[in-house]
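# Secondary and tertiary structure notes
Chain residues, written in single-letter form:
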Amino acid sequence: MKAVVYKKYGPPDVLEVTEVEKPIPKDNQVLVKVHASSVNFGNLVLLKGEPFLARFAFGLFKPRYSIPGGDIAGTVEAVGKDVTQFQPGDEVFGDLSGCGWGGFAEYAVVPEKALALKPANLSFEEAAAVPMAGVTALQSLRNKGKIQPGQKVLINGASGGVGTFAVQIAKSFGAEVTGVCSTRNVDILQTLGADHVIDYSKEKFTENNQRYDLILGVNGHQPLSDYKRALKPNGIFIHVGGSEAQMFQAMTLGAWISKTSNKKVSTFLQRANQKDLVFLKELLETGKIKPVIDRQYKLSDVREAFRYFEQGHAQGKVVITI
């Protein structure tokens, strides 16, 4: 089968499309014929081995996982004898980041707990855009942020993969949502249901005298003091993505802010979860959320896909068709 393989950390140029042996499912695994995958920030970390601390999970000197790719959507081709949830022919989607990656390939073997039935109203390309970004948005808002109806929620970096899902999921929980984005993305956030949109080239969210119950920092380089100032008493800021400096600030200074004030600052790391995939499936099938796809690339153009994604300007998701 064809697969994207890399043997050393580096820029997209280290990615190669080559022939590898088709995997055989073990007793508790599902063999999926992959129709589409997508690019996430975690894929960049896996590719470059940066920040360096990530190498303790992904391989200190060279990549531990030779085939990258977390999100997949495809058709079940075979199942191991212990698999009970799926059968050949089922259309599925899932996240392989917790079970060895391998999504950028024509076939992948997956533990059944990493999969859910694909939303019936989505194409394979649309479904592949959901798992990592959608679950990240859901878990950060619901699990970490304890989002409640009526709360004022700010999402900084609202037009990217995680951000577009976060806007819609927050609305589905009954929150009043403000999205921060660039000028070219204002319209898409309004289409997704954001109550307010701040164009950061014209206005700073820290200077409009608004205060929020919950802030998601999906992207951006603001110091923590800006986020703290924009929080209501007992408000919560969650660092989901952004600069490395901001991440370390949230990990260190954030703990001090949380202890010495009535505002909370924390970091968040997504964990693949089948129940959350099923939850998102229901939101997708009822039309409460929808994936936003910026560009689609063929597997043979995976380098170009990564080059575009790492520029940081994608509106929604970048999808790989296989």
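The notes below deal with the structure included here. (Residues numbered from 1 in each chain as written. Predicted model: local features only at pLDDT ≥ 70, side-chain atom pairs only at ≥ 80, totals over all residues. Heavy atoms only, no water.)

### Digging into the side chain of D199
- Relative to the helices and strands, D199 resides in strand β10 (residues 196–199).
- We note that D199 is buried and unpaired, the nearest opposite charge coming from K202 at a distance of 4.1 Å.
- At 2.5 Å, the side chain of D199 and the side chain of T183 are in polar contact. (Helix = DSSP H or I, 4+ residues; strand = E, 2+ residues; numbered from the N terminus. Buried < 20%, exposed > 50% of the residue type's maximum accessible area, 1.4 Å probe, protein only. Lys, Arg positive; Asp, Glu negative; His and termini not counted. Salt bridge = Lys/Arg side-chain N within 4 Å of Asp/Glu carboxyl O. Polar contact = N/O pair within 3.5 Å; in protein donor to acceptor, adjacent residues only side chain to side chain.)

### Some details on the sheet that holds strand β11 (residues 212–217)
- If you walk across this open sheet you meet the 6 strands as β10-β9-β8-β11-β12-β13, and the pairing is parallel. Each edge of the open sheet carries a strand with a single partner, namely β10 and β13 (264–267). Within this sheet the neighbouring strands show an average axis-to-axis angle of 15°, counted without direction.
- Of the pairings in the sheet, the one linking strand β9 (residues 176–181) to β10 comprises 4 bridges and is parallel in character. Across the sheet, the residue bridging to C181 is D199, located in β10. (Pairing = 2+ DSSP bridges. Axes fitted to C-alpha atoms, helices over the stretch in contact; angles between N-to-C directions.)

### A closer look at helix α9 (residues 274–285)
- The terminal C-alpha atoms of α9 lie 16 Å apart, and with 12 residues this matches the ideal 16 Å at 1.5 Å per residue to within 8%.
- Restricting attention to buried positions, one finds in α9 the residues Q274, D276, L277, L280, K281, L283 and L284.
- Its buried side turned inward, α9 meets β5 (91–95), β7 (115–117), α4 (131–144) and α5 (161–172).
- One side-chain oxygen at the N-terminal end of α9 lies 2.9 Å from the backbone nitrogen of K275; it belongs to N273.
- Positive phi appears at G287, one or two residues downstream of α9, with a value of about 80°. (Expected span 1.5 Å × (residues − 1). Contact = heavy atoms within 4.5 Å.)

### Examining the nonpolar core
- Of all hydrophobic cores here, the largest spans 47 residues; its most connected members are L141, I155, I169 and L216.
- Ranked by residues supplied to this core, first place goes to α5 with 6 residues.
- Once residues lying within four places of it in the same chain are set aside, the contact partners of I155 are G163, A166, V167, V177, T178, G179, V180, L216 and V218. (Core = buried A, V, L, I, M, F, W, Y, C linked by side-chain atoms within 4.5 Å.)

### Things to note about the packing of helix α1 (residues 41–48) against helix α10 (residues 302–310)
- Contact pair α1 / α10: the axes reach a minimum separation of 11 Å and the direction vectors enclose 110°. The angle between α1 and α10 falls in the class roughly perpendicular. The element α1 and its partner α10 pack so that their crossing is left-handed. Along the contact surface, α1 presents F41, N43, L44, L47 and K48, while α10 presents F306, F309 and E310.
- Looking at side-chain class alone, the contact of α1 with α10 contains 5 nonpolar, 1 polar and 2 charged residues. (Parallel < 35°, antiparallel > 145°, perpendicular 65-115°, else oblique. Left-handed = near helix turned anticlockwise from the far one by under 90°. Nonpolar A, V, L, I, M, F, W, Y, C, P; charged D, E, K, R; others polar.)

Function cannot be inferred from these measures alone, as they are strictly geometric.
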